[in-house]
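# Analysis of the macromolecular model
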Amino acid sequence: MSDQPSEKDLLKLKGRRIPVLDLLRLFGARRREPSIVLVMEQALDAAGLTTIPSFATCGHQADVHIVAVTVVFAEESAPDTESTGTEDEEPAVVLPQHPLRVGDILDPNSGVVSLPPTAGLQTATHLMRSRNFSQLPVIEGQSYVRGVVTWKSIARMYEQNLPVSLASAMETDDLSVVEESQDFFALLPSISEKGYALVRRNDGIIGGIVTDADVTERFAATARPFFLAGEIEFRLRRCLGKAVSEEAIKAVQAAMNNKKTGQVSDLTFFQYEVLIDGQQQQYPALCAQADLNWAALKWGGLDRGQFLYDLAQVRKIRNKIAHFDPQPLPEERLQQLIAFRQLLREYVPDL
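Scope of this entry: the structure provided in the associated data block. (Residues numbered from 1 in each chain as written. Predicted model: local features only at pLDDT ≥ 70, side-chain atom pairs only at ≥ 80, totals over all residues. Heavy atoms only, no water.)

Our focus in this paragraph is the side chain of glutamine 253. Inspection of the secondary structure puts glutamine 253 in helix H11 (residues 246–255). From its side chain, glutamine 253 meets the backbone nitrogen of glycine 262 in a polar contact 3.0 Å long. Beyond its immediate stretch of four places on either side in the chain, glutamine 253 contacts Asn258, Lys259, Lys260, Thr261, Gly262, Gln263, Asp266 and Leu267. (Helix = DSSP H or I, 4+ residues; strand = E, 2+ residues; numbered from the N terminus. Polar contact = N/O pair within 3.5 Å; in protein donor to acceptor, adjacent residues only side chain to side chain. Contact = heavy atoms within 4.5 Å.)

In structure tokens, the structure reads:
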């Protein structure tokens, strides 16, 4: 496009933090249309730059920090002493190097909703109903747990004809209070039995609560991206394996000095892109064959440029989740995987 800044102009921005709207204006744009995003990302990549957070997905009024790609790699990827740094190499799944601690899954900003011992029972039940809590701790100060109110303990109060009060409705024995440094998986049986675990921080303050619902939610948030990426790769291999010849696959493998098997199952996500990108710059000799490969898929209803852009985003997400991270994948990244999976489902039917 005529308003596209030069590589020299972009390098002048390295290290600066600017509004995303200002970055768009440099490219003569006001909105992040898919075609504009693709042009911007290619220009930044060519200059060895990227943005934190991603200019493509951050808030419209957000600022972005323009940094070298190598800086992002150092921050987001685990070190790989055997990697040569080429783009087509994808990280193997890296196993965690230490136990998953309770503190690893606790939101440091979440805190815990509690009541003082002087509160009334109606206050407790109102909070539990309005916020859909199954339990509510009663804490004196910030660290002394006097008890926990649960629906079960309230029912027991009425069954035993005890005075209707917060003190009568509390569980006070065998409370589930754990340290943030404890092994999370070792505590799962207790969380399952009690339904909760209050988390005491290293400074002694009760800093959070983990419930059985949190465990279910965290498992879904951690496991779902792996299964989504796995299904995406399965569908890509299924359609490419049927449409693209072994010789075309061997040509991609040969260009990257890989063993020429001719099997699509031996390709990486980046090699899928090379296989169908007719405008690639890294392997220009493969462009003509890539055009033929794309035509063989018979996906005339798809915008090829947008498909390749989305595929590149999936590759980046896949490479990030390959290194186990106790923190869930950001929602916008998860939605990208879901949307691309749904697109492939429309073009690649189930077995």
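In this section: helix H3 (residues 34–46). An α-helix turns once per 3.6 residues; consequently, residues spaced three or four apart project the same way. With 13 residues, H3 ought to run about 18 Å at 1.5 Å a step, and its terminal C-alpha atoms sit 18 Å apart, in line with that. Where H3 is buried, its residues meet helix H1 (7–11), helix H2 (20–26), strand S2 (49–52) and helix H14 (304–321). Looking one or two places after H3, you find glycine 48, whose phi comes out positive at around 75°. (Expected span 1.5 Å × (residues − 1).)

On to the layout of surface pockets, then. Think of a ball as big as a water molecule: rolled over the atoms, this probe shows where empty space is left. Volume-wise, the second largest pocket comes out at about 740 Å³. Taken together, 29 residues make up the lining of the second largest pocket; nearest its centre are Ile209, Val210, Thr211, Ala213 and Asp214. Among the secondary structure elements, those contributing two or more residues to the lining of the second largest pocket are strand S4 (135–140), helix H7 (151–159), helix H9 (188–194), strand S9 (206–211) and helix H10 (212–243). Here the lining of the second largest pocket gets six residues from one element, more than from any other, and that element is H10. Counted by class, the lining of the second largest pocket contains twelve nonpolar, eight polar and nine charged residues. (1 Å grid on protein atoms, 1.4 Å probe; cavity = no way out; pocket = protein on both sides within 12 Å on 5 of 7 lines; lining within 4 Å. Points joined across faces, edges and corners; volume = space filled by probe spheres on them. Nonpolar A, V, L, I, M, F, W, Y, C, P; charged D, E, K, R; others polar.)

Our next topic: the pairing of S4. Among the six residues of S4, five are classified as buried, and the element is accordingly described as predominantly covered. Relative to strand S5 (residues 144–150), S4 runs antiparallel, the two sharing six bridges. Pairing of proline 137 across the sheet is with valine 148, part of S5. Taking the residues that link successive antiparallel strands as the turn, the S4-S5 hairpin has three residues, and the phi of glycine 141 there is positive, at about 70°. (Buried < 20%, exposed > 50% of the residue type's maximum accessible area, 1.4 Å probe, protein only. Pairing = 2+ DSSP bridges.)

Another point: the nonpolar core. Counting 39 residues, the largest nonpolar core has Leu240, Trp299 and Phe307 as the members making the most contacts within it. Contributing elements (two or more residues each) for this core: H10, H11, helix H12 (269–276), helix H13 (287–297), H14 and helix H15 (331–347). Look past the residues within four positions of phenylalanine 307 in its chain and what remains in contact with it is Leu236, Ile276, Trp294, Trp299, Leu302, Phe340, Leu343 and Leu344. Ranked by size, the runner-up nonpolar core spans 20 residues in total, among them Leu10, Phe27, Ala29 and Leu49. (Core = buried A, V, L, I, M, F, W, Y, C linked by side-chain atoms within 4.5 Å.)

Here we come to the packing of aromatic side chains. This model, assessed by the stated rule, comprises seven aromatic pairs. Ring centres 5.5 Å apart and planes at 65° place the aromatic pair phenylalanine 184 and phenylalanine 185 in the edge-to-face group. Ring geometry for tryptophan 299 versus phenylalanine 307: centroids 5.4 Å apart, planes at 65°, classification edge-to-face. What makes tryptophan 299 buried here is its relative accessible area of 6%. For phenylalanine 307, a relative accessible area of 2% gives the class buried. (Phe/Tyr/Trp six-rings, centres within 6.5 Å; stacked < 30°, edge-to-face > 60°.)

Further remarks concern the sheet that holds S9. Read across the sheet, three strands follow the order S7-S8-S9 without closing on themselves; strand pairing throughout is mixed. The open sheet is flanked by strand S7 (177–179) and S9, the only strands paired with a single partner. Taken pair by pair, the neighbouring strands of this sheet meet at an average axis angle of 35°, ignoring direction. Pairing between S7 and strand S8 (residues 196–200): three bridges, direction parallel. Counterpart to valine 178 in the pairing with S8 is valine 199. (Axes fitted to C-alpha atoms, helices over the stretch in contact; angles between N-to-C directions.)

A separate point is the environment of glutamate 171. Within the secondary structure, glutamate 171 is located in strand S6 (residues 170–171). Among the residues examined, glutamate 171 registers a relative accessible area of 16% and is labelled buried. On a C-alpha basis, the gap between glutamate 171 and lysine 152 in space is 9.2 Å, while along the polypeptide they are 19 residues apart. Glutamate 171 has contacts with Gly147, Val148, Thr150, Ser153, Arg156 and Tyr196, leaving out every residue within four places of it along the chain. Polar side-chain contacts of glutamate 171 include one of 3.5 Å to the side chain of threonine 150.

All right, on to the pattern of salt bridges then. Taken as a whole, this structure holds 13 salt bridges when the rule is applied. Two residues, arginine 146 and glutamate 140, come together in a salt bridge whose shortest N-O distance is 2.7 Å. Judged by its relative accessible area of 33%, arginine 146 is partly exposed. By relative accessible area, glutamate 140 is classed as partly exposed at 38%. In this structure, the salt-bridge partner of lysine 194 is aspartate 174, at a minimum N-O distance of 3.4 Å. With lysine 194 in helix H9 and aspartate 174 in the loop between S6 and S7, this residue pair connects regions lying 20 residues apart in the sequence. Take lysine 194: its relative accessible area is 25%, and that puts it in the partly exposed class. The exposed category is assigned to aspartate 174, whose relative accessible area is 61%. (Salt bridge = Lys/Arg side-chain N within 4 Å of Asp/Glu carboxyl O.)

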